[in-house]
Amino acid sequence: IPQGAEVRLLAESNKPLVRAQIDGGDGAETIADARLKELAEIVAAQRKLAASAEDGDQPPRQAELAERLARCVDPFRRLAAERPGDLYSQALDALAEIGAEMRRLDEGRERRSSERLRGLADRLERAAEPIGRLVSFTRFRYRLQPLSEDRRLAIGLLDVDGIRSPEPIRLHLSVVGDEPPQVAVRLQGIGSAITPQARLPFQGRISDDYGLDRVWLEYVVEGRAAQQETLLKVEAAVTEQSVDGALDVRPLGLEPDQKMLITVKAGDRCDLGEGPNAGTGDRWMLDVVSPAQLRAMLEAREIVLRQRFETIIEDVAQIRDTLALLMFDGAGKAETDSPPERRQTVRLLRIQRARGNGQKDAHETLGVAEAFADIRHELVNNRIYTEELRIRIEQDIVAPLEDLGNTQFLELDRRLALLEKAANNSDEAPALRDSAVQQVDLILRSMRGVLARIAELEDFNEAVELLRSIIGEQEDLRRQTLERRKGRLRQLLEK
């Protein structure tokens, strides 16, 4: 049962009941008809009178009990009229006679001994047993207070035949505590280093077992106190919420060489105990660098990616060589003088190896595309990109690489699958081999074209860096010129 939940127990019995008693550990509660409860209370009060008389005390007057019994009998007579039968009439007449006898005892017309009073209590209980059939029930409900801890219920039953359940029915309710929200949010398009004018995008999902309230960022800049900023306020009590927000660090006034620790947190709507629970996601430690430093870091990554891509091209070229050297029995000179079965096995293994390498190269090509896309995102999110540079990466590198991995390599895999099935068919295999080789040639042309554009990007970056250095040198020269002019003016003024 969720912690703090209100629980309603619904029960149904296989025969009519007179009473159900539920013990929840902090006291028992009796479920029965109110009039039958009143009758049971009269019997208990009469037994108490008998006990007090037995102890030697002067028994109190019984007129009040007699009046209560009379008020209790009248509604039962109306119920008995709707269900005719001698059993009910006799029981009600017996109750009326007991009430009259209680009045006589109270008036002192008859002796009030403890035995006489106990006898009245026994007769009351026997006469009340058939009355229970008039107000019996087979269904009942029981409401518990909001649960804060485990509860054990013991339910005892009494049916209309006076039979009690030999053992109470036991029910164990385990309380499940309110868990903190689960935070699965990532920092998108940002690496381990940021510029002072960066924008930090956060995307992901947050969930909670009962309901979310808000999502916020908690960050600490080196040398400063911790700060918070609300990322999302959840209006409705939803259990799952997507997150798509960002933190602009420009107002923070960051300086190069500082560090920034940032965390995404979420709170739920728990109103129990100490209040809402807070869930914590991943933590990111970010280095603050200058735009020039970040550009240099990204350019170094581009060089590594180019080298990785060159290795993939070499691997694809080896696939082409393997396919081109395949020979088939009956379609030319055999590859070796080995038995036909061995030649067939070797051909099949080479085709399968070429297919496996092609699938691996497709995956790695998409990895290179994703890495260049990350560089593009970092340029944009750190606000150090130019539109021309963004287009160069996006249209000249990322898009062609994605086309290679998602289209051209898939076509190669399809052709190699056909060649694998026909590896021992000397009539079909040569044409299928040539088709696969043609597809590999197309892939190699596309890959070399992308490699050339990557090299152009490096040249472009070098040109931009050279231009930046020239501009920097011009600024230094202008500053030195101004300082020299100011020095000459001071000398003239001193003369």
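Preceding this paragraph is the structure being described.
As the structure is a prediction and not an experimental result, all values here were calculated from the model.

Asker: Help me understand the nonpolar core in this model?
Answerer: Considering soluble globular proteins, one finds that nonpolar side chains tend to be buried as a cluster. Membership of the largest hydrophobic core comes to 46 residues, with the highest contact counts inside it found for F309, L323, F372, L401 and M447. Contributing elements (two or more residues each) for this core: α5 (291–324), α6 (340–381), α7 (387–421) and α8 (429–494). In this structure F309 touches T365, L401, M447, V450, L451 and I454, once residues within four positions along its chain are discounted. Core analysis: the second largest hydrophobic core is formed by 31 residues, L36, L39, V73 and V160 among them.

Asker: Just to check I follow, could you spell out the packing of aromatic side chains for this structure?
Answerer: Two measures describe an aromatic ring pair: the distance that separates the ring centres and the angle between the ring planes. For the structure on display, the rule yields two aromatic pairs. The interplanar angle of 80° and the centroid separation of 6.2 Å between the aromatic rings of F137 and F140 together place this pair among those described as edge-to-face. Grouping residues by exposure puts F137 and F140 together as buried. A cation sits over an aromatic face here: R214 above W216, 4.0 Å from the ring centre.

Asker: I tried to follow the packing of α5 against α6 on my own but got confused; where do I start?
Answerer: The relative placement of two packed helices comes down to the angle between their axes together with the axis-to-axis distance. For the pair α5 and α6, interaxial distance at closest approach is 10 Å and the crossing angle is 165°. What the angle tells us is that α5 and α6 run roughly antiparallel. Both α5 and α6 take part in a crossing whose hand is left-handed.

Asker: So what exactly am I meant to see when it comes to the sheet that holds strand β12 (residues 259–268) here?
Answerer: Adjacent strands of a sheet pair through backbone hydrogen bonds, lying either parallel or antiparallel. The five strands are arranged β7-β13-β12-β9-β10 in an open sheet whose pairing can be described as mixed. Only two strands of the sheet have a single partner each, and these edge strands are β7 (193–194) and β10 (227–233). As defined by bridge partners, β12 adjoins strand β13 (residues 278–288) across eight bridges and the pair is classed as antiparallel. Bridged to M260 within β13 is L286.

Asker: Whenever I open this one, unusual backbone geometry confuses me. Can you help?
Answerer: For residues besides glycine, phi is generally negative; the peptide bonds are generally trans as well. Residues other than glycine seldom take positive phi values, yet D257 does so here, at roughly 80°. Secondary-structure assignment places D257 in the loop between β11 (240–248) and β12. The residue R383 is not glycine, and still its phi comes out positive at about 55°. As for its placement among the helices and strands, R383 is situated in the loop between α6 and α7.

Rules of the game
- Residues numbered from 1 in each chain as written.
- Predicted model: local features only at pLDDT ≥ 70, side-chain atom pairs only at ≥ 80, totals over all residues.
- Heavy atoms only, no water.
- Core = buried A, V, L, I, M, F, W, Y, C linked by side-chain atoms within 4.5 Å.
- Buried < 20%, exposed > 50% of the residue type's maximum accessible area, 1.4 Å probe, protein only.
- Helix = DSSP H or I, 4+ residues; strand = E, 2+ residues; numbered from the N terminus.
- Contact = heavy atoms within 4.5 Å.
- Phe/Tyr/Trp six-rings, centres within 6.5 Å; stacked < 30°, edge-to-face > 60°.
- Lys NZ or Arg CZ within 6 Å of the ring centre and 35° of its normal.
- Axes fitted to C-alpha atoms, helices over the stretch in contact; angles between N-to-C directions.
- Parallel < 35°, antiparallel > 145°, perpendicular 65-115°, else oblique.
- Left-handed = near helix turned anticlockwise from the far one by under 90°.
- Pairing = 2+ DSSP bridges.

The values reported here are purely geometric and, on their own, carry no functional implication.
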